Structures are given as C-alpha cells and as structure tokens.
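For reference, the chains in residue letters:
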Amino acid sequence: MGKVYFSSARARKWKYDDSMPGKLDRLLKEINLSKYFEPKEWVAVKTHFGSEGAHRIVRPVFLRKVVNALKSLGAKPFVTDTVRIKGLDYLEVANHNGINHLSVGAPVVLADGLYGNDNIMVKAGDILGEIAVASLIYDVPAMVVCSHVKGHIQAGYGGAIKNVAMGGVSSSHRECGWKCGRGAMHTVGEGKLIWDKNKCEYCYQCMEICPLESIEFKDEAFNYNVEDCWRCGRCTRVCPSGALLLPSDNERFMRALAEGAMAVLSTFKKRKVIYINFLTEIQPECDCMPVADVPVIQDKGIFISDDIVSIEQASVDMLLKSYPLPESASDEKEIVKGEDIFYKLNQKPYWIQIEEAERLGLGSRKYELVEI
Ligand code: SF4
Ligand code: SF4
C-alpha cells in the first residue's frame, strides 16, 4: 500500500502557509526528501513545458519550490522535458511559459537533446518490446516527476503515468525512427494516417499543428511525409471533422502507456523517484495542444507520493468525487455530479493505465491518504 500526502487547494486563512506554494513546501517536508536524494546528487525535475497557447501547466512557482527543496539538501536539480516540437522551439516555449533558469532556479534542459533523438533503447513489455528512453533520464540517478493532471483525448486522463511514459521517451530514434519512440504507444501496426476526402473541411489545422511541418495539401489532396512522421497524433486531434485518423486501440494504448512508464522507471534504483500531481487548472486536454481550455473541474490541490500507482489512483478518486464546472466543456456535455467527468469527456477507459501499471509491479492501487 502506498502512502499519499495531500493538501487541498482551498485557502481558509490569509497566511502564506495556507497558500498553494506554502502547502507544497509542507508536502515536500512531510515526504522527507532526504530519504530519496543525496547531497551532490543530480536530480531531474520532470515536467511538461506546455505549448505556445497551452499555458495551464505546472506553474514555475511550484517548480521553483521543488528545486529549492532539493537544493536545501545539497542536491543538484535541473528541470527537464523531452522534445515535443523542434527542440530549439520547445525551449522557447518553455521560456515563454515562464520556465527558465531564472524563474525556477535551476538549468532548464531537454532530456533527449535538441534534435530529440538522444536516447537509449530500454526493455519494455509485451506490447512495446523496447522503447527509446531519453538519455538524460536514463543517466540521471534520481527524479521528481511534477505532473499537471488533466483530461486527454486519447489517454482520457493524463497524470504521472503519462508524464513518465510519454515524457520520458523520445519521439524518434536514430535507427528505428518513430517505431521505437512515443509513436509506438500512440498507434498500432504501421500507424499510417488515414485521410477521408469527403469529411475534410480544408481548414488546414492539421498542417499548422504538425511539429515537423510534414503535412501539405496539393490539388486539395492530403499528403504527408510517412517516413518522418512521429505518429504523435496531433493532426488527428485537432481535425474538427474526423477526416484524419491514426489507427489506434484504446486498451492497447493504455497498456502501452504503463509499459512505457515501466521502461523509464526501470532506469532508476528503488526509492529514487517521487511524484507530485498538481490537480490545478484541470483542463480537458493535453498540455501539448495549441490551447488550454477553461478548467472542467475546480482546483483540488496537490498530491505527493513515492508510489506512482497510488498517487494516480488517489488523484482519480478525487476527480471522481468532483463537480463539473459551469461554463466549461463538462457543462457543455451536460455532465452532472457523480458522473465520471473524464470518461464522459473523451470516452476512454483511462483506468486501464493505472490497473496495468499495478499489474506490472510499479506500485499499488491501495493507498493511505494523509491530508496535511
Ligand atoms: S502524426 Fe500528424 S502531426 Fe504528428 S508528426 Fe505525423 S503528420 Fe505530423
Ligand atoms: S484538419 Fe481535418 S478537416 Fe482540416 S484540413 Fe486537415 S484533414 Fe481536413
């Protein structure tokens, strides 16, 4: 059984201690970082840098709190993510979103290099076989995983498992390309995009969002570079009419996510990774999308644990008890209190990722919740 510490987002006193940064300070003390990290040890603070328009990420103030807590032990933290769009552009995005050395108090670096192909193949499970883990994450001895909890069009729910799996793995590998990277989780088989001319509205959003500028329309026909394509699925997610499809399978995808997380975590010794889930600005979609819609659930608070499965289960359990927010996507879909908001939003069996992570031995769905 995992132990999960939680602090609520509600502030009842006008005191720093009752603020979210103040509560994160207390959570970091409560978990006792010195049990996990050592003086002089390099520690990755893994987060998601967001996108130019998706500003609802783990805020820099929280990253700075984590960095400061690690520095107070004498550890050497750095803040990191893997390449999601071209590396140089992604570092600019991080900077625009307020994540830079000055704001967070530590170097901000890409875990798989500026080209996103600096990675090492690591054994995963039956579905993935092997997967390309970012070399920096492979090499670093310790990690704090800071995850912004939100919905997700493909995963249904995005928290620590998704952050570790998708975020610890590269888009592409020098030799085996997308097949060894994130695309192997996103898709099945050859994973070729399917375009339906009859449904296409020629809005060109797919073209605009492709991180590789891989898509073009010639004579009103969809074309893309099949070899280069990362199979990230962004083009299919923004397509308003369902004209673009990337063959996928919900259950396989959820299991592949858990396998990806297992591969990434297998590069760490026991008790060298802790997880912080931020249930704040809980938007319906991934932080890599071009916008962050208004939250569908009110801010709930912050969880911290050394058990990835427990923290995910505790986060989901709290979301299941939450009200859908008025004037949000959950309101638009007429979701009512008591219904599974994330399932209703995206119709994905997101719980499979947590069940599978437990089956693979990453942790326990049973947890003890300690509220501070
Ligand atoms: S899946 Fe779509 S958006 Fe992603 S790289 Fe391929 S063509 Fe571009
Ligand atoms: S996003 Fe969809 S509808 Fe728009 S151009 Fe691309 S395929 Fe067509």
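Thresholds, definitions, all that
Residues numbered from 1 in each chain as written. Chains lettered and ligands numbered in written order. Predicted model: local features only at pLDDT ≥ 70, side-chain atom pairs only at ≥ 80, totals over all residues. Near = placed C-beta within 6 Å. Nonpolar A, V, L, I, M, F, W, Y, C, P; charged D, E, K, R; others polar. Pairing = 2+ DSSP bridges. Helix = DSSP H or I, 4+ residues; strand = E, 2+ residues; numbered from the N terminus. Axes fitted to C-alpha atoms, helices over the stretch in contact; angles between N-to-C directions. Expected span 1.5 Å × (residues − 1). Buried ≥ 20, exposed ≤ 12 C-beta atoms within 10 Å, placed from the backbone. Arc of directions from axis to C-beta. Contact = placed C-beta atoms within 7 Å. Parallel < 35°, antiparallel > 145°, perpendicular 65-115°, else oblique. Left-handed = near helix turned anticlockwise from the far one by under 90°. Domains from an automatic or database assignment.

We now examine the site of ligand 1. In the neighbourhood of ligand 1, 14 residues make up the surrounding shell, with Cys-210, Cys-229, Cys-232, Arg-234 and Cys-235 lying closest. Its residues placed into classes, the shell around ligand 1 shows 10 nonpolar, 2 polar and 2 charged.

Attention now goes to the site of ligand 2. What surrounds ligand 2 is a group of 15 residues, the closest being Cys-200, Cys-203, Cys-206, Cys-239 and Ala-243. Residue composition of the shell around ligand 2, by class: 12 nonpolar, 2 polar and 1 charged.

Another aspect to go through is the sheet that holds strand S7 (residues 142–148). Pairing in this open sheet of 8 strands is mixed, and the strands run S4-S3-S2-S7-S14-S15-S1-S16 from one edge to the other. The sheet terminates laterally at strand S4 (108–110) and strand S16 (367–371), the two strands that pair on one side only. Averaged over all adjacent pairs, the angle separating strand axes in this sheet is 25°, with direction ignored. The pairing of S7 with strand S14 (residues 273–279) spans 6 bridges and is parallel. In the strand pairing of S14, Val-144 is matched with Ile-274.

The α-helix winds at 3.6 residues per turn, so residues separated by three or four positions along the chain end up facing the same way. Its 12 residues give helix H1 (residues 20–31) an end-to-end C-alpha distance of 16 Å, which sits within 8% of 16 Å, the value for a rise of 1.5 Å per residue. Among all positions in H1, only Met-20, Lys-23, Leu-24, Leu-27, Leu-28 and Ile-31 are buried. For H1, the angular spread of the buried residues around the axis is 140°, confining them to a single face. On its buried face, H1 sits against strand S1 (2–8), helix H2 (60–72), S14 and strand S15 (301–305).

Moving on, we come to unusual backbone geometry. Unlike most non-glycine residues, Tyr-202 shows phi in positive territory, near 55°. Tracing the chain through its elements places Tyr-202 in the loop between strand S10 (194–195) and helix H8 (205–209). The exposure class assigned to Tyr-202 is exposed, which follows from the 11 C-beta atoms found within 10 Å. With phi around 65°, Tyr-204 is a residue other than glycine that occupies positive phi space. By the C-beta count within 10 Å, which is 12 here, Tyr-204 ends up exposed.

Here we take up the packing of H1 against H2. Packing of H1 against H2 brings their axes to within 10 Å, and their N-to-C directions diverge by 30°. Classified by the interaxial angle, the pair formed by H1 and H2 is roughly parallel. The two elements H1 and H2 meet at a crossing, and its hand is right-handed. On H2, the residues that touch Pro-21, Leu-24, Asp-25 and Leu-28 of H1 are Val-61, Phe-62, Lys-65, Val-66 and Ala-69. Grouping the amino acids of the contact of H1 with H2 by side-chain chemistry returns 7 nonpolar, no polar and 2 charged.

Here we come to the domain arrangement of the protein. Domain boundaries assigned for the protein yield domain 1 (2–183 + 250–371) and domain 2 (189–245). Just the C-alpha atoms count here: the centres of domain 1 and domain 2 sit 28 Å apart. Taken together, the contacts link 13 residues of domain 1 with 10 residues of domain 2. For the side of domain 1 that touches domain 2, a count of residues per class yields 5 nonpolar, 5 polar and 3 charged.

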